[in-house]
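Single-letter residue listing:
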Amino acid sequence: MAYTGGMANSRNTRNKSGSTSRRTFLAAGGLAALALGAGGAWYRATHRQTPHGFALDGEARAALHAIAPAILDGALAHDPGRRQRQLGAAIDAVEAAIRGLPQATQEEVQDLFGLLALRPARRLLTGVPTGWESADLAHVSAFLQEWRVHRLKLMRSAYGALHDLVLGAWYAQPASWEAIGYPGPPRVPA
Amino acid sequence: MTARIPDPIEAGLKRGWRTIDASTLEHDRTLEADVVIVGSGAGGAISAEILARSGLSVIVVEEGPLKSSRDFQMREAEAYPQLYQESAARKTADKAINILQGRAVGGSTTVNWTSSFRTPQPTLDWWRDHHGLAFASNDELAPWFAMAERRTGVVDWLVGPNENNAILRRGAEKLGISSAAIRRNVQGCWNLGYCGMGCPTNAKQSMLVTSIPAALDNGATLITRARAERLRLRGQKAEELVCSALGADGVLPSGRELRLRARHFVVAGGAINTPALLLRSQAPDPSGQLGKRTFLHPTVISAAFYEKRVEGWAGAPQSVYSDHFLSRDPIDGPMGYMLETPPVHPLMAATMMSGFGEQHAAAMRDFAHLGGMLALLRDGFHDESPGGAVRLRSDGSGELDYELNDYLWDGARRALLSMAEIQFAAGARTVQPAHEKAQRYRSWAEARREIAALPQRAHVTRVVSAHAMGGCAMSGDERRGVVDPAGRYRGLANVSVHDGSLFPTSLGANPQLTIYAITARLASGLAANLTGRPAAALA
């Protein structure tokens, strides 16, 4: 039931959640693509990347800190202290995964987070009204649901990147395996 | 203490193999050989063994690292960044298809799931009739298949399938759909289920433990962590291959450069990378087909949950297939598809599973009961299946632009229906196609109704590929083929292409054995041509 419920419920409740302005902007189409490019260019111009390490900082890192708990909701611990430690580890793992991607892809990921770090773009594309530090889970989940089946390919692919990066990093960690009944790889004498 | 598993790479290095890890270079280097081979996968390694045994000096250059059984720890977090192109997250230009390709010594053969098929007869017939490839017949190719099967230890897999594969066999049987066992290139397989992360016991007879060691024992030089940037051309000839050394991270260039000079160059970087190298080199393209007609076997996925534990991570990952839906219609009719199963490991399963938050977590809690099924769509045989085109990004790296069109979506929808029906017939409690709008269906009747109505769109339907093919099509007709039937690049006198990029269409079966057999034939012709003597055979 849990799994089938998600889509239908969010579709029914979304229009009642006071997000009309967001939906209006999302309907504006090409602007979103423009903003994604501009956000990335701005981020890259103001954040010089060290030659050997993709790293998120400031508002971009805060965006990931706000988005990851929505994607991992149901897998993260309820205890606040444990939850924070788990999130920290997952976000470090996301950054490590990004550093394993080719340079061109790293720049695309940086474009995405650069966009999310820009206040007007955040408001218009995600509908998250406050800064990422104080974004609530419901707002974040709502924009992810929209991006997931958005009519623009670019937004769907941005959702796909967040989905794969965060869930991939989470389930790569042995600490996540007990909850899903995976015993880990067998022992082979080597 | 248990006996240690013998490591043929470690042993070879002790014997004095010539290898250069380019990430350790402190100066630029220039090397020379009779033949320089780009890529150490199925095509490159087979070519290296034949050319080296035939007495030619050979350099093999590989972008990935040299890893061996003791490095293969069966952990996705290590294996994907280490052994796959783009950390196993390579994607088409619009990100709608995730492409798995190896990037390590042995190429994709180091990480494939061991499925060993001879090229299906209808595909060979099509190549002969439509692409001017006279050699594309069973009679002509049988000895090459036999040689490749001997070399890579292809056997009938007599161990019972794991539950994930038994489901495909059982469900198909209930519905009167034919299925059969997949032959595998293994010797003394432990049936662990981690083929995709590098075989930890060296049972898989990949290029890493067969032809690469043979080439090195015959004097070849292996250069790893070096990216082939461009062939320097003069007139109709390639003079040298310029490579950039990668840093220890294997991602960014270190600044060191290698120049490799040779009489002849064999490009075997796999589909996508091979055409990209030729495009960067501004190679002549008289047919206008370089990089075009790149095929993927676009693959759709159906998950199902069973009462009984499936434990899809354990046991030979791919041991049962059904080609029923390839043979039902003419090859150039509605898109056909091959049914197989994937291994089920946490990272890959979690990223393939649609949705997020509690709904995703709930599905993952049923991980041990999850069975996966794949449908590989056979592309390239219909006017509306032109494949994709490789192009260069602004930084010179290659990427594939592949449009998912209505013809393909029709096949995807039928494939999702077939898989759901088989999964319910095999006893699934619920079935969920990998699709953003799909739900967990509770009966075949519900699934049939709902799947038929699902919108099929890029990103909304999850599409993956483990078989990149084409882009340097081989053809007897010079207007249609980048490469001639001898594997020679048209427009360059001393360049050959020996990998899956040669295929003029997809195959309708997993490609490793086809690449082995065809490149063994081409490399033997090349060796004879360069030495004036008959070529040596593979071991």
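Rules and cut-offs
Residues numbered from 1 in each chain as written. Chains lettered and ligands numbered in written order. Predicted model: local features only at pLDDT ≥ 70, side-chain atom pairs only at ≥ 80, totals over all residues. Helix = DSSP H or I, 4+ residues; strand = E, 2+ residues; numbered from the N terminus. Buried ≥ 20, exposed ≤ 12 C-beta atoms within 10 Å, placed from the backbone. Contact = placed C-beta atoms within 7 Å. Rg over C-alpha atoms; globule rule 2.2 N^0.38 Å. Expected span 1.5 Å × (residues − 1). pLDDT = per-residue confidence, 0-100. Nonpolar A, V, L, I, M, F, W, Y, C, P; charged D, E, K, R; others polar. Axes fitted to C-alpha atoms, helices over the stretch in contact; angles between N-to-C directions. Parallel < 35°, antiparallel > 145°, perpendicular 65-115°, else oblique. Left-handed = near helix turned anticlockwise from the far one by under 90°. Pairing = 2+ DSSP bridges. Domains from an automatic or database assignment. Arc of directions from axis to C-beta.

**Concerning the overall build of chain A**
Looking only at helices and strands, chain A features nine helices and zero strands. In chain A, the succession of helices and strands from N to C terminus is α-α-α-α-α-α-α-α-α. Taking all 190 residues of chain A together, the buried fraction comes to 41%. Across chain A, the fraction of contacts at a sequence separation of at least 24, relative to all contacts at a separation of at least 6, is 72%.

**Some thoughts on the overall build of chain B**
When helices and strands are counted, chain B shows 14 helices and 23 strands. Taking 24 Å as the expected radius of gyration for a compact globule of 539 residues, we find that chain B reaches 22 Å, a close match to that expectation. A principal-axis box enclosing the C-alpha atoms of chain B has dimensions of 65 × 60 × 45 Å. The long-range fraction of contacts in chain B, counting pairs at least 24 apart against all pairs at least 6 apart in sequence, stands at 75%.

**As for helix 6 (residues 163-174) of chain B**
Residues and elements named next belong to chain B. With twelve residues, helix 6 should reach 16 Å at 1.5 Å per residue; the first-to-last C-alpha distance of 16 Å fits that figure. Those residues of helix 6 not exposed but buried are Asn164, Asn165, Ile167, Leu168, Arg169, Gly171 and Ala172. Buried positions along helix 6 lie against strand 15 (320-321), strand 16 (337-340), strand 17 (370-377) and helix 12 (406-425). At the exit of helix 6 stands Gly176, carrying a positive phi of roughly 75 degrees.

**Digging into the confidence of the model for chain B**
Averaged over every residue, the pLDDT of chain B is 97; residues scoring 70 or more account for 99%. Across the interfaces of the predicted complex, the ipTM metric reaches 0.96, alongside a pTM of 0.94.

**Some details on the interface of chain B and chain A**
Across the contact, 51 residues belong to chain B and 44 residues belong to chain A. Looking at the side of chain B that touches chain A, the elements with two or more residues in it are helix 3 (76-83), helix 10 (346-352) and helix 11 (357-365) of chain B. Per-class residue counts for the side of chain B that touches chain A are 24 nonpolar, twelve polar and 15 charged.

**Remarks on the packing of helix 8 (residues 137-148) of chain A against helix 9 (residues 153-172) of chain A**
Residues and elements named next belong to chain A. Running from N to C, helix 8 and helix 9 point in directions that differ by 125 degrees, and their axes come no closer than 7 Å. With respect to their mutual orientation, helix 8 and helix 9 come out oblique. Side by side, helix 8 and helix 9 meet where Leu144, Trp147 and Arg148 of the first sit next to Met155, Arg156, Ala158 and Tyr159 of the second. Class assignment of the residues belonging to the contact of helix 8 with helix 9 gives a composition of five nonpolar, no polar and two charged.

**Side note on the environment of B:Val463**
Residues and elements named next belong to chain B. Secondary-structure assignment places Val463 in strand 21 (residues 463-465). A count of 26 C-beta atoms within 10 Å places Val463 in the buried class. Here Val463 is in contact with Ala96, Ile97, Pro298, Thr299, Val300 and Leu404, once residues within four sequence places are set aside.

**Brief notes about the packing of helix 2 (residues 42-53) of chain B against helix 14 (residues 512-531) of chain B**
Residues and elements named next belong to chain B. The contact between helix 2 and helix 14 brings their axes to 8 Å, and the two run at 35 degrees. For the crossing formed where helix 2 meets helix 14, the hand is right-handed. Contacts between helix 2 and helix 14 involve Ala42, Gly43, Ile46, Ser47, Ile50 and Leu51 from the first element and Gln512, Ile515, Tyr516, Thr519, Ala520, Ala523, Ser524 and Ala527 from the second. The residue inventory of the contact of helix 2 with helix 14, partitioned by class, reads nine nonpolar, five polar and no charged.

**Thoughts on the pairing of strand 12 (residues 253-267) of chain B**
Residues in a regular strand project their side chains so that they alternate between the two faces of the sheet. Residue and element names in this part refer to chain B. Here strand 2 (residues 29-38) runs beside strand 12; their pairing, made up of nine bridges, is parallel. From the neighbouring strand, Ile37 faces strand 12, where its bridge partner is Val266. In this structure, strand 11 (residues 237-246) lies alongside strand 12, joined through six bridges in antiparallel fashion. Looking at strand 12, one finds that Cys243 is bridged to Leu258. Bridge analysis of strand 12 against strand 23 (residues 495-497) gives three bridges, and the strand direction is parallel. When the bridges of strand 23 are listed, Val266 appears paired with Ser496.

**Concerning the domain arrangement of chain B**
Residue and element names in this part refer to chain B. When the domains of chain B are assigned, the result is domain 1 (21-114 + 117-151 + 190-294 + 470-531) and domain 2 (163-182 + 299-378 + 405-457). Taking only C-alpha atoms, the centre of domain 1 and the centre of domain 2 are 31 Å apart. Facing eleven residues of domain 1, the contacting portion of domain 2 comprises 16 residues. Among the residues forming the side of domain 1 that touches domain 2, the class breakdown is five nonpolar, five polar and one charged.

**Description of unusual backbone geometry**
Here B:Ala88, not a glycine, exhibits a phi torsion of approximately 65 degrees, which is positive. Secondary-structure assignment places B:Ala88 in the loop between helix 3 and strand 4 (90-91).

**Regarding the confidence of the model for chain A**
The predicted model of chain A averages 79 in pLDDT, with 71% of residues at 70 or higher. Contacts from residues 1-29 of chain A, a stretch scored under 50 in pLDDT, to residues over four places away or in other chains number 28 contacts.

**Re the environment of A:Val109**
All names here are of chain A. By the secondary structure assignment, Val109 is in helix 6 (residues 103-117). The sequence separation of Val109 and Trp132 amounts to 23 residues, and the corresponding C-alpha distance is 18 Å. Setting aside anything within four residues of it in sequence, one finds Val109 in contact with Ile98 and Ala161.

**A look at helix 4 (residues 121-130) of chain B**
Residue and element names in this part refer to chain B. Residues of helix 4 that are buried include every one of Thr123, Leu124, Trp126 and Trp127, and no others. The arc that holds the buried residues of helix 4, viewed along the axis, is 160 degrees, so those residues lie on one side. In helix 4, the exposed residues that point more than 90 degrees away from the buried face are Gln121 and Asp129. Residues of helix 4 that are buried in the fold lie against helix 5 (138-151). One or two positions beyond helix 4, positive phi appears at Gly132, with a value near 65 degrees.

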